[in-house]
Amino acid sequence: MAAVLELEIQPLEVLGAEVRGVDLARVTPAEIEAIKRAWYRHDVLLFRGQRLSDDHLLAFSRHFGALDSPPNQGAGRKSPVGYPEVYIVSNVVDAKGEPIGALGDGEAAWHTDMSYAAQPPDASMLYALEIPPGGGDTSFCSMKAALARMPRALVDRVRNLDIKHDGTYDSGGTVRKGLKASDDPRTSVGTPHPVIIEHPVSGDAALYLGRRRNAYVMGLELAASERLLDELWSYVESAVYRHRWALGDLVLWDNRTTMHRRDAFDSRSRRVMHRTQIKGSSVPRRARV
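No experiment lies behind these values; they were computed from the predicted model shown. (Residues numbered from 1 in each chain as written. Predicted model: local features only at pLDDT ≥ 70, side-chain atom pairs only at ≥ 80, totals over all residues. Heavy atoms only, no water.)

**Digging into the overall build of the protein**
Part 1: If you tally the helices and strands in the protein, you get 5 helices and 18 strands.
Part 2: Taken over C-alpha atoms, the radius of gyration comes to 19 Å for the protein, in line with the 19 Å a tight globule of 289 residues would show.
Part 3: Looking at the protein residue by residue over its 289 residues, the buried ones come to 53%.
Part 4: At a minimum sequence separation of 6, the contacts of the protein that also span at least 24 residues come to 79%. (Helix = DSSP H or I, 4+ residues; strand = E, 2+ residues; numbered from the N terminus. Rg over C-alpha atoms; globule rule 2.2 N^0.38 Å. Buried < 20%, exposed > 50% of the residue type's maximum accessible area, 1.4 Å probe, protein only. Contact = heavy atoms within 4.5 Å.)

In structure tokens:
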């Protein structure tokens, strides 16, 4: 039997790991398998010093599954010409004053990508092409750690409940293109998912919250839903890794076991990131906890 390739893996504080010595533009099948093993263990992986074209980014991303088209943000779907599966995250505007990407320069609140969909994406990757001199850091939180910190009585209370995940607003708080503003969580656009889900590969259980705005615990009175959600969200920052970007950084995160947020940055600075999204392989499944 062929020897199992071991990559150099350096854990990142309380969540995630850095993978060293890998050129993602020329990654081998053995390296891909080792990267997947590390990813299922650490949830967030960082690769520094990469030099990737959009073709390289897409090729690496496809090792993890089929790709989704970019999400519909307040600015609509923003992709480079000829690359509809690449999503531009940027505050830069073109010569006509039109944004080349989405999410601008403001803060992006804690969220899970597209949790409002019936089958949310498995993962996302973000690659740094231009970064501001300060700000724009991206933080990741472990939803497995959040669940582990919850008291048993709370786990028992929510393990058979569902939360409706709102799709009206993007993570920057802007109404998605083509939708109407709504601040009634009971009637806003969205999809219910279990409060506690099981990862389909690792089997790990994780709290699954999506985003706070317009979330709704199915079957409860609105006031009771709000109180319960506030209690659940109090555990979100149990284990957080804050990433300060450098050019050539690529970060891969598991959308089923983490949430992420972004710090604001100076609007006079330029920030250009290219992002891909791995299509969901299954609907979120309720964990047995």
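**Examining the packing of aromatic side chains**
Part 1: By the definition in use, this model includes 5 aromatic pairs.
Part 2: The interplanar angle of 85° and the centroid separation of 5.4 Å between the aromatic rings of tryptophan 39 and phenylalanine 64 together place this pair among those described as edge-to-face. Of the two residues, tryptophan 39 is situated in helix H1 (residues 29–42) and phenylalanine 64 in the loop between helix H2 (54–62) and strand E4 (87–90); the sequence distance between them amounts to 25 residues. Here tryptophan 39 matches phenylalanine 64 in class, with each residue buried.
Part 3: Each ring, one from phenylalanine 60 and one from phenylalanine 64, has its centre 5.4 Å from the other, and the planes form 75°; the classification is edge-to-face. Taken as a pair, phenylalanine 60 and phenylalanine 64 share a single burial class, namely buried.
Part 4: Among the aromatic residues, those joined into a ring-pair cluster are Trp39, Tyr40, Phe47, Phe60 and Phe64.
Part 5: Its guanidinium or amino end placed over the ring of phenylalanine 64, lysine 36 lies 5.9 Å from that ring's centre, counting from NZ or CZ.
Part 6: Residue placement shows arginine 213 over the ring face of tyrosine 169; its charged tip is 3.5 Å from the ring centre. (Phe/Tyr/Trp six-rings, centres within 6.5 Å; stacked < 30°, edge-to-face > 60°. Lys NZ or Arg CZ within 6 Å of the ring centre and 35° of its normal.)

**A word on the environment of alanine 59**
Part 1: By the element assignment, alanine 59 lies in helix H2.
Part 2: Alanine 59 gets classed as partly exposed once you look at its relative accessible area, which sits at 42%.
Part 3: Considering only alpha carbons, one finds alanine 59 and valine 89, 30 residues apart in sequence, at a separation of 19 Å.

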